[in-house]
Amino acid sequence: MLETSARLLRLLSLLQAHREWSGADLADRLGVSARTLRRDVDRLRELGYPVNASPGTGGGYQLGAGAQLPPLLLDDDEAVAVAVGLRTAARGSVEGIGETSVRALAKLEQVLPDRLRRRVSALNAFTVPMLRGPGTDAVDPAVLTELAHLCRDAERLRFEYRNHDGAASRRTVEPHRLVCSERRWYLVAWDLDREDWRTFRVDRITPKPPHGPRFVPRDPPAEDLAAYVSQGVSTRVYATHAVIRLLVPVEEAAEHISPTAGTLEADGPHACVLRTGAAGLDVMVLHVMMLGFEFEVLEPAELIDAVRTARDRLARSLARAGTSRPRTPDGADRTPATPSGSGAAS
């Protein structure tokens, strides 16, 4: 009986963790026969959990919505991760989610065993959060949820999009994935009008339902969508692109260069390659110089000329600073007083 109860909890946990399971996969995970699995599903239904089953070779099991909310089954590490995630979300970049996260965290902490509550409390007490900066744009959680559902259900999205100048346009896309950076949320989608993949900032999206119809998902534009979005917002969007070799390990560079400022790739143990973009060559020179690392320009060749121009301009400035005399507040030259006894003519 104890073994059966533990198996039922495991089955319920699996149904919560995945949208839909095939019978074969569930039976394999639980180490039981298909017949035993069917009996366990029937027991869950008798306990009030709405488990939906679809027949046929492509069928499976899915935990449906019902009058009773099934218990949230978490192991120790999962419970701590959820608590920390809620605490972080309370200070996150999703508009209005802070209060909701605090309420959810209060409910979770009420049911945590003492040993886990102490772990979460210690982590919160000895962690100092960095406040969200002015460059972070809050996202409407309802919009975020709507986009996630459309990605999940492979349903077309219609929306109004504002560009960086505030100009609005109507778009129809096949949404694929949401990507979150430390400052913003992005939607990766196939733009039907432009017949190409596009990346959209979620805080600039205003959904315009009705949405649909359903579509067959395309192969994504890249295997690593986080790197794809990083390259798009840090490089492809700009007129000038550059490849820079930084003479520091990639781990050290990553501490100073965010994914929205460029993409990094290790080049041996003591160097890395940065791919980035800027509005022009002069801006690129400033961008690279302000990183604070020794560097080597790999491309374009025009950037090397821009670095030489900046070097010569700085050298001339330093030369003038060394020979010019200080000025008084009224703009007059201040000639240093001749020391007494210096032998100057009287």
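Refer to the structure printed above.
Residues numbered from 1 in each chain as written. Predicted model: local features only at pLDDT ≥ 70, side-chain atom pairs only at ≥ 80, totals over all residues. Heavy atoms only, no water.

Colleague: Explain the overall build of the protein here, please?
Modeller: Per the secondary structure count, the protein includes eleven helices and eleven strands. Looking at the protein as a whole, 32% of its 346 residues are labelled buried. With the model as given, the accessible surface of the protein reaches about 21,900 Å², and the carbon-plus-sulfur share is 53%. (Helix = DSSP H or I, 4+ residues; strand = E, 2+ residues; numbered from the N terminus. Buried < 20%, exposed > 50% of the residue type's maximum accessible area, 1.4 Å probe, protein only. Areas by Shrake-Rupley, 256 points an atom, 1.4 Å probe, with all protein chains shown as cover.)

Colleague: How should I be thinking about the sheet that holds strand β11 (residues 295–299) in this particular structure?
Modeller: Think of a sheet as strands paired side by side through backbone hydrogen bonds, with each pair either parallel or antiparallel. One open sheet accounts for four strands, arranged β9-β10-β8-β11; its pairing is antiparallel. Edge positions in the sheet fall to β9 (263–266) and β11, since each of these pairs with one other strand and no more. Ignoring strand direction, the axes of neighbouring strands in this sheet form an average angle of 30°. Bridging between strand β8 (residues 240–246) and strand β10 (residues 272–278) involves seven bridges; their strand directions are antiparallel. Bridge assignment links His-241 to a residue of β10, and that residue is Gly-277. Packing against the sheet, helix α8 (residues 225–236) makes contact with β8, β9 and β10, and its axis sits at approximately 50° to β10. (Pairing = 2+ DSSP bridges. Axes fitted to C-alpha atoms, helices over the stretch in contact; angles between N-to-C directions. Contact = heavy atoms within 4.5 Å.)

Colleague: Looking at this structure, how should I read the packing of aromatic side chains?
Modeller: The geometry of two aromatic rings is summed up by the distance between their centres and the angle between their planes. Inspection of every chain in the model, using the stated rule, returns four aromatic pairs. On the numbers, 6.1 Å between centres and 90° between planes, the contact of Phe-159 with Tyr-161 is edge-to-face. Comparing Phe-159 with Tyr-161, the two get one shared label, buried. Note on Tyr-161 and Phe-200: the rings are 5.1 Å apart at their centroids and 80° apart in plane angle, and the pair reads as edge-to-face. Taken together, the residues Tyr-161 in strand β3 (residues 157–162) and Phe-200 in strand β6 (residues 196–201) connect sequence positions 39 residues apart. Assessed through its relative accessible area of 10%, Tyr-161 is described here as buried. The buried category is assigned to Phe-200, whose relative accessible area is 2%. Members of the aromatic cluster, joined through ring pairs, are Phe-159, Tyr-161 and Phe-200. (Phe/Tyr/Trp six-rings, centres within 6.5 Å; stacked < 30°, edge-to-face > 60°.)

Colleague: Would you mind showing me how to read the pairing of β8 here?
Modeller: Remember that side chains alternate between the two faces of the sheet whenever the strand is regular. With five of its seven residues buried, β8 lies for the most part within the structure. In the sheet, β8 pairs with β11 via four bridges, with the strands oriented antiparallel. Residue Ile-244 lies in a different strand from β11, and its bridge partner there is Val-297.

Colleague: Can you walk me through the pattern of salt bridges in this structure?
Modeller: A side chain with one charge can pair with a side chain of the opposite charge if their charged atoms come near. Following the criterion strictly, the structure yields 14 salt bridges and no others. The partner of Arg-43 in a salt bridge is Asp-40, with the nearest N and O atoms 2.9 Å apart. Placement of both Arg-43 and Asp-40 in helix α3 (residues 34–46) is noted, with a separation of three residues, approximately one turn of the helix. For Asp-40, a relative accessible area of 0% corresponds to the buried category. (Salt bridge = Lys/Arg side-chain N within 4 Å of Asp/Glu carboxyl O.)

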